[in-house]
2 protein chains.
Amino acid sequence: MDKRAHRYCVIMCGGIGSRFWPYSRTRLPKQFIDFLGTGRTLLQMSYDRISSIIPAENIIILTNERYFDLVCEQLPEISKENILLEPARRNTAPCIAWAAWHIASRDSEASMIVTPADHVITRVQEFRQSVIEGFDFVESHDALLTLGITPTRPETGYGYIQIGNHTEGNISKVKTFTEKPDIELAKVFLASGEFFWNSGIFIWTAASIQSALRKNAPDIAGVFDSADKAVYLNKKSEDDFIASAFPGCVSISIDYSVMERANNVFVETVTFGWNDLGTWSALYDLSPKNSEQNVTQNCNVLAYNSKGTIFAIRGEKLVVVDGLDDYIVSDADGVLLICPKSREQKIKQMVTDAKVKFGDKYE
Amino acid sequence: MDKRAHRYCVIMCGGIGSRFWPYSRTRLPKQFIDFLGTGRTLLQMSYDRISSIIPAENIIILTNERYFDLVCEQLPEISKENILLEPARRNTAPCIAWAAWHIASRDSEASMIVTPADHVITRVQEFRQSVIEGFDFVESHDALLTLGITPTRPETGYGYIQIGNHTEGNISKVKTFTEKPDIELAKVFLASGEFFWNSGIFIWTAASIQSALRKNAPDIAGVFDSADKAVYLNKKSEDDFIASAFPGCVSISIDYSVMERANNVFVETVTFGWNDLGTWSALYDLSPKNSEQNVTQNCNVLAYNSKGTIFAIRGEKLVVVDGLDDYIVSDADGVLLICPKSREQKIKQMVTDAKVKFGDKYE
């Protein structure tokens, strides 16, 4: 049997993208938006990237139940059976575990790539080659593989992975995962050649991640082991089980619960273009700029005495500004935000403040 | 006969208010907006101020023909016969002349107050007493009377009137009209007690202003004298005459063409509260401020590290700003403006630039 038939892709798209508020909203988070003006949303671009190397029936969408309609609408190619709906937000470890148990119950030889839906990837052909190399590796090793992006600048917005012993091809053991560095340390990382951006894209077999979860996160693995394989094979029984069991899972990331603890963690160093679109500044850096170094996201702008500003406006609107350097100006769905890029880490707090003061309609 | 029956009010409301763009728009200028959130538009407030001292049938609305529907809607008390529609914009002298000839043809003993519709006046009872004093004066003198507001601060945004010989009551001869002063001169003006703000509110008899126009602006007077009195008494014949004759008038203000030339110009010094709402800064100065000295015009604002800023947003919207001192933030009808108050004089140019670049839909 063609090994492609055992390869799966899990696209995670349950986040609310509040760091891009108000452009990204609880009811329409960034992964469901045509963020780059390409005519395809980030979720659709994630699907497009992978669909030539993974059979459509093996692509699983993991999201919050409130986004079911958005997923159906944006990805009509995906069977509703393949949309797994979390009844609660529990970070990445429980949802990846569910996907692994769901897939393993159907295919004991399954391997899988797990990827967020809200990243931007360029040089997609290179991406596909890297993914295939990764699948080939995990299918012949009991390995938890993560993709490490070759850094192109001393970025302080990402975590880094330090590579250890070279294993084969572009794959090495992971020596350490690091937190986001300050600029001085980021420069050292870049110069060393040993540090790669932590992409949050993983490749492993279902059996390997199940085993790693049983060992490193037994409470989560225990929840999913508590159901028979037959439960995962029937939509109704699986939904009933998840509705009762999933909310009881601890909320923890796969990084903390597994990747930083397991001893079979590998990194494939890759060179395709990657941006996690984690912040307005990340979007600014990624976007084409005009002669004043302003970025306009799908909108008409007349800017005077202004540079380094990003404008992201939903709907037909003219924006006229004077004297606004290095700001974020975003207007969408009843909210206007004007904030210096340097204070974008405060946006989450602003969303909370707005909720306290004006209720959740602006969330 | 009660002298009240011969008193008329001409409310001018044909301007487009482009200095308040985008809140004030060609299709909905500021005089038609509930600018102060009182539930009444500036035009309605102008009517309310005067309607207790002038019979409704003597109140004339002078506006551009495109605003006919707005006037009818906002002032249902006014007969359509009393709405004079300019077919072209020709500044104040031609439109005041038309009103004078229109009124004189009906009432040879008429006196009239001419007032813009877009000013804010407080202490309205005092205003009414001042107007009555003014009427009493012009009805017994061949005088062109203007109201001079007692200044309360060294304002650089207004023209000033220097008073000459005292005549009677609060009324003096005008010595000079001045342009807007710089701050040093404005301080001298304020300290002197001789200088008053030029309100642009006039009181005179129809006969006196006709006579002054014939003497000082004979080209304009000639246009209106070219029609028989009977022409002005019939709506249809008056409209036909105005359609053909009015556009041929020179575009000039009543100040330049008459007030600064005639030798029978008087000023009544008054103490009611007055603001010409000429600029965003004027509105800011007039408006109640919160603890950060921000002004919010009918909108919800969350402001961080921001002070001295005015927010004028039409429609239900939350505005969240960080680090914006002394700005104008206005969003209305498809346009968002963010501009330092100190550069508000550039707004007219911005409107022009927007028109050149994006067409007249944002006008």
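Here's a quick rundown of the structure.

Scoring rules and cut-offs
- Residues numbered from 1 in each chain as written.
- Chains lettered and ligands numbered in written order.
- Predicted model: local features only at pLDDT ≥ 70, side-chain atom pairs only at ≥ 80, totals over all residues.
- Heavy atoms only, no water.
- Least-squares fit on C-alpha atoms with pLDDT ≥ 70 in both.
- Contact = heavy atoms within 4.5 Å.
- Salt bridge = Lys/Arg side-chain N within 4 Å of Asp/Glu carboxyl O.
- Helix = DSSP H or I, 4+ residues; strand = E, 2+ residues; numbered from the N terminus.
- Buried < 20%, exposed > 50% of the residue type's maximum accessible area, 1.4 Å probe, protein only.
- Pairing = 2+ DSSP bridges.
- Axes fitted to C-alpha atoms, helices over the stretch in contact; angles between N-to-C directions.
- Parallel < 35°, antiparallel > 145°, perpendicular 65-115°, else oblique.
- Left-handed = near helix turned anticlockwise from the far one by under 90°.
- Nonpolar A, V, L, I, M, F, W, Y, C, P; charged D, E, K, R; others polar.

1. Some remarks on the relation of the copies chain B and chain A
- Once turned by 180° and shifted 0.0 Å along the axis, chain B lies on chain A with an RMSD of 0.1 Å. Viewed as a symmetry operation, the transformation between the two copies matches a two-fold axis.
- With an isologous cut-off of 70% or more, the 100% of interface residues of chain B that recur at the interface of chain A puts this contact in the isologous class.

2. Comments concerning the pattern of salt bridges
- Tallied over the full model, the rule gives 34 salt bridges over all chains.
- Of the charged contacts in the structure, one is a salt bridge between Lys 317 of chain A and Asp 331 of chain B, with a shortest N-O distance of 2.4 Å. Placement of the pair is Lys 317 of chain A in the loop between strand 14 (310-313) and strand 15 (318-322) and Asp 331 of chain B in strand 16 (residues 327-332), with the two residues belonging to separate chains.
- Residue Lys 317 of chain A is classed as buried on the basis of its relative accessible area, which comes to 9%.
- The shortest N-O distance in the salt bridge between Arg 153 of chain B and Glu 155 of chain B comes to 2.9 Å.
- Residue classification places Arg 153 of chain B among the partly exposed positions, given a relative accessible area of 28%.
- Each of the salt bridges in this network shares a partner with another, and the network as a whole consists of Lys 3, Arg 7, Asp 136 and Glu 139 of chain A.

3. Observations concerning the pairing of strand 15 (residues 318-322) of chain B
- Of all 5 residues making up strand 15 of chain B, 5 are buried, and the element is well covered by its neighbours.
- Neither face of strand 15 of chain B is exposed, since Leu 318, Val 320 and Asp 322 of chain B on one face and Val 319 and Val 321 of chain B on the opposite face are all buried.
- Across 4 bridges, the pairing between strand 17 (residues 335-340) of chain A and strand 15 of chain B is parallel. If you follow Ile 338 of chain A over to strand 15 of chain B, its bridge partner there is Val 321 of chain B.
- As defined by bridge partners, strand 13 (residues 300-304) of chain B adjoins strand 15 of chain B across 5 bridges and the pair is classed as parallel. Note on strand 15 of chain B: the bridge partner recorded for Asn 300 of chain B is Leu 318 of chain B.

4. Here's the deal with the packing of helix 3 (residues 92-106) of chain B against helix 7 (residues 218-225) of chain B
Residues and elements named next belong to chain B.
- Between helix 3 and helix 7, the shortest axis-to-axis distance is 10 Å and the interhelical angle comes to 40°. The angle between helix 3 and helix 7 falls in the class oblique. The way helix 3 lies across helix 7 gives a crossing that is right-handed. Only Ile 220, Ala 221, Phe 224 and Asp 225 of helix 7 make contact with helix 3, whose side of the interface consists of Ala 93, Pro 94, Ala 97, Trp 98 and Trp 101.
- Looking at the contact of helix 3 with helix 7 residue by residue, the class counts come to 8 nonpolar, no polar and 1 charged.

5. A word on the sheet that holds strand 16 (residues 327-332) of chain A
- Within the open sheet, the 6 strands sit side by side as 12(A)-14(A)-16(A)-17(A)-15(B)-13(B). Their pairing is mixed. Looking along the sheet, the strands with just one partner apiece sit at the ends: strand 12 (295-297) of chain A together with strand 13 of chain B. On average, each strand axis in the sheet is inclined to that of its neighbour by 5°, with strand direction left out of account.
- In the sheet, strand 14 of chain A pairs with strand 16 of chain A via 4 bridges, with the strands oriented parallel. Residue pairing in the sheet places Ile 313 of chain A in a bridge with Asp 331 of chain A of strand 16 of chain A.
- Across the sheet, helix 12 (residues 347-358) of chain A touches strand 16 and strand 17 of chain A together with strand 13 and strand 15 of chain B, and the angle it forms with strand 13 of chain B is around 140°.

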